[in-house]
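The residues making up each chain are set out below.
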Amino acid sequence: MSSSETAFTEICARIAHAASQQKRAAALLAVSKTKPAAAVRELAALGQRRFGENYVQEALAKQRELVDLALEWHLIGPLQSNKCREAAEHFDWLQTLDRLKLIAPLARFRPAARGPLNVLIQVNVDDETSKSGCRPEAVGELARAVAAEPRLQLRGLMAIPAPHADFGLRRAAFARLRGLFETLQREHPGLDTLSMGMSEDFELAIAEGATLVRIGSALFGARS
Ligand SMILES: *Cc1c(COP(=O)(O)O)cnc(C)c1O
């Protein structure tokens, strides 16, 4: 087995184990930022379909190299207003919707030939130093605005909690996000995606209800 195959097999097994303890499923988003298209192709050959990218231009270059593969692309980096068109045209999911003014341009630029753009609202659950993510109090208004757009499909919430050394604090942040998600599901019963947990803490996130974990370095090796 190649090293990427070993890592992929191990991560999939750990996700499946953590999810089975919660009696539900959790999916893997392979975060390929800074890694070459060849690394994506290798994982795709092993059966991985969902890939996450942080930078629009970098993602578009990889997508052009990988057009022969039917992959699902998630934008997981902060979205600037001047990139709404490219995000709407070239991604299947946007995980970082965090302000109202992005919604109309995303809906306007989503091509009619593609299904609705899947949207997660990014919430800033505990990191005062981070500029991305909306405040927890803003989730309800953003969710209603996304749900009102036929070209957008609200799927759930995403967060990047502060990387506390104390895993109890990380777990508390995951639990807060889960609470927000369950509250939001009462108003929007179709929501099915809670995106939280990365290489260091995805099992903890699954224990707190994550349905989608975003894993980069544990799959592809450290980023330089
Ligand atoms: C880079 C990144 C990840 C993956 O982080 P790892 O620690 O390498 O697994 C997950 N989510 C987001 C939003 C990222 O930017």
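Whatever comes next refers back to the structure up there.
What comes next is a walk through the structure. (Residues numbered from 1 in each chain as written. Predicted model: local features only at pLDDT ≥ 70, side-chain atom pairs only at ≥ 80, totals over all residues. Heavy atoms only, no water.)

Once that is clear, we can look at the overall build of the chain. For the chain, the count of helices and strands is nine helices and eight strands. Taking contacts inside the chain between residues at least 6 apart in sequence as the whole, the part at least 24 apart equals 58%. A total of about 10500 Å² of accessible surface is found on the chain, and carbon and sulfur atoms cover 53% of it. Across the chain, the 29 positively charged side chains and the 26 negatively charged ones have centroids separated by 3 Å. (Helix = DSSP H or I, 4+ residues; strand = E, 2+ residues; numbered from the N terminus. Contact = heavy atoms within 4.5 Å. Areas by Shrake-Rupley, 256 points an atom, 1.4 Å probe, with all protein chains shown as cover. Lys, Arg positive; Asp, Glu negative; His and termini not counted. Charge placed at Lys NZ, Arg CZ, Asp CG, Glu CD.)

Bringing helix α1 (residues 3-21) into the picture now. An α-helical segment advances 3.6 residues per turn. Residues three or four places apart therefore align on the same side. End to end, α1 covers 27 Å across 19 residues, agreeing with the expected 27 Å (1.5 Å per residue, within 8%). Turning to α1, its buried residues number three or more, namely Ser4, Ala7, Phe8, Ile11, Ile15, Ala18 and Ala19. The arc that holds the buried residues of α1, viewed along the axis, is 105 degrees, so those residues lie on one side. Contacts from the buried residues of α1 go to β1 (27-31), α2 (37-45), α8 (202-207), β8 (212-215) and α9 (217-220). Once α1 ends, the next one or two residues include Lys23, with phi positive near 60 degrees. (Expected span 1.5 Å × (residues − 1). Buried < 20%, exposed > 50% of the residue type's maximum accessible area, 1.4 Å probe, protein only. Arc of directions from axis to C-beta.)

Further remarks concern the pattern of salt bridges. Evaluation of the coordinates by the stated rule reveals 16 salt bridges. Between Glu203 and Arg14 there is a salt bridge, and its shortest N-O distance comes to 2.9 Å. Taken together, the positions of Glu203 in helix α8 and Arg14 in helix α1 put the pair 189 residues apart, joining distant regions of the chain. For Glu203, a relative accessible area of 31% puts it in the partly exposed group. (Salt bridge = Lys/Arg side-chain N within 4 Å of Asp/Glu carboxyl O.)

This next bit is on the site of the ligand. Neighbouring the ligand are 13 residues, the closest being Lys33, Asn54, Ser199, Ser217 and Arg223. A distance of 2.8 Å separates an oxygen atom of the ligand from a polar backbone atom of Gly216. Within the complex, 90% of the 380 Å² of free accessible area of the ligand lies under protein. Taken together, the residues of the shell around the ligand break down into six nonpolar, four polar and three charged. (Near = heavy atom within 4 Å. Polar contact = N/O pair within 3.5 Å; in protein donor to acceptor, adjacent residues only side chain to side chain. Nonpolar A, V, L, I, M, F, W, Y, C, P; charged D, E, K, R; others polar.)

Ile15, Leu97, Leu106, Leu157, Ile206 and Leu219 are the most contacted members of the largest nonpolar core, which has 63 residues in total. Residues Ala27, Val31, Ile76 and Leu212 belong to the second largest nonpolar core, which totals five residues. (Core = buried A, V, L, I, M, F, W, Y, C linked by side-chain atoms within 4.5 Å.)

Here the structure, examined in full by the defined rule, presents one aromatic pair. With centroids separated by 6.0 Å and ring planes inclined at 40 degrees, the aromatic side chains of Phe51 and Trp73 adopt a geometry described as tilted. You can see Phe51 sitting in strand β2 (residues 50-53) and its partner Trp73 sitting in strand β3 (residues 72-75), a full 22 residues away along the chain. Pair check on accessibility: Phe51 and Trp73 agree, each one buried. Positioned above the aromatic ring of Phe109, the side-chain terminus of Arg108 is 5.1 Å from the ring centre. Residue placement shows Arg170 over the ring face of Phe167; its charged tip is 4.3 Å from the ring centre. (Phe/Tyr/Trp six-rings, centres within 6.5 Å; stacked < 30°, edge-to-face > 60°. Lys NZ or Arg CZ within 6 Å of the ring centre and 35° of its normal.)

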